[in-house]
Every structure is written in C-alpha cells, then in structure tokens.
Amino acid sequence: MSAETVQGNGQPFAGPPGRSAAWAGYTAAVLAFVFGLVSFYWAAGGTLGLDTLGGKIQDMARTRGSGFIAVVWITGALKVAGAVFSLALVQSWGRIFPRPLMLLAGWGGSVGLTLYGALQVGSLALVAAGIVTPADPIEWKPLLWRLFVWDLSFLVWGLLLLLATRHYVKNRPRSAERVAEK
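Residues numbered from 1 in each chain as written. Predicted model: local features only at pLDDT ≥ 70, side-chain atom pairs only at ≥ 80, totals over all residues. Heavy atoms only, no water.

The chain carries the name DUF3995 domain-containing protein in an unreviewed UniProt entry, which gives Streptomyces scopuliridis as its organism.

> Quick one: what's the story with the pattern of salt bridges, residue by residue and with numbers?
On inspection of all chains with the given rule, the structure shows two salt bridges. Lys141 is the partner of Asp51 in a salt bridge, and the nearest nitrogen-oxygen pair spans 2.6 Å. Taken together, the positions of Asp51 in the loop between helix H1 (22-43) and helix H2 (55-63) and Lys141 in helix H5 (residues 140-171) put the pair 90 residues apart, joining distant regions of the chain. Given the relative accessible area of 30%, Asp51 is considered partly exposed. Residue classification places Lys141 among the partly exposed positions, given a relative accessible area of 44%. For Asp151, the salt bridge identified is with Arg146, shortest N-O distance 3.0 Å. When its relative accessible area of 4% is taken as the criterion, Asp151 is described as buried. (Salt bridge = Lys/Arg side-chain N within 4 Å of Asp/Glu carboxyl O. Helix = DSSP H or I, 4+ residues; strand = E, 2+ residues; numbered from the N terminus. Buried < 20%, exposed > 50% of the residue type's maximum accessible area, 1.4 Å probe, protein only.)

Set out below in structure tokens:
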C-alpha cells in the first residue's frame, strides 16, 4: 500500500474527505430493510399495495397459497440479511467476516441485483414506451409500480451494493498489505 492510502495511525484511507462511499452501504441497508418489511407485511396477510404487483403474482398473493407465503417470508428474510450485509461492508464489525466471503457476496450480490433490476426495468420500459406489446392486456398501475418502484429498487440496490463493496475493498486491505504496513 502506498503512503497515500494509509493514514498516520495505520488505518486505511479511502481518499479525500467527503469521497467515501460508506453512504452507499447505509442507503443500501435502508432500502433492503424497508423492502424486507414490505415482504413481511404481505406474508403476514397485509393487502395494502398488492394491486401494484399485477398478474399472476398478485393473484397468488390474494389467494394466499402456503407455498407463495413461504416464498414471501424467505425473500423478506433475505432482504433483511442483505441489509445487515450492506452494513457489514461499511461498519467496523463487518471485519469479523472473512474478506473472501465478503468480496464474493459483495461483488456477486452487486452483479446479480444490478443485472436483475436492469433487465426487469429495461423490459418494462420497452412495454411502457410501446416498443414491445405483450400478449396480455397491459395493467398500467402494476407496470408503472414495477418500473419505478419494485424492480427499479433492485437496480438501485445493486448499484449501491457495488459502491459499498468498493468502499470495503479500499478500507480493508488484504492480509499481505496489512503485514507490509507493519
């Protein structure tokens, strides 16, 4: 590590003041936690907002099949776990986890969420713009909610996680780099 990347106290330095991407980890955590709570609300029987889902997902949510409910509880738990992980990338307590595991989850989650969100938002945007016409009639309310809220949140979460993972890399040097500092 160069002298510019280590502070006088031996702690990594992420760059000039105000340039840290820790905010991305906090924002990703809030986003993931809020959407996890929405999943828990629907899994527990809440109906507010179900009409923003549209199609078969909305039908499954309304009929409350046990398989669907289980999936919603699981996805809610995964979103909350994603919130905790996002915080682990930018908090000092996140150092208890092995660096390779954090990097694998950070980069993998970033790519997965960003690609999923981008593909969903891209396809919905093509429908909303009239470039692609689906076989079934368009349900505009769910389409717009998915385009601007539900699916867009995955894209935003992925990009925030990417920035938080980059922050983690800059602020948690590899073991060899830590040894070289001493």
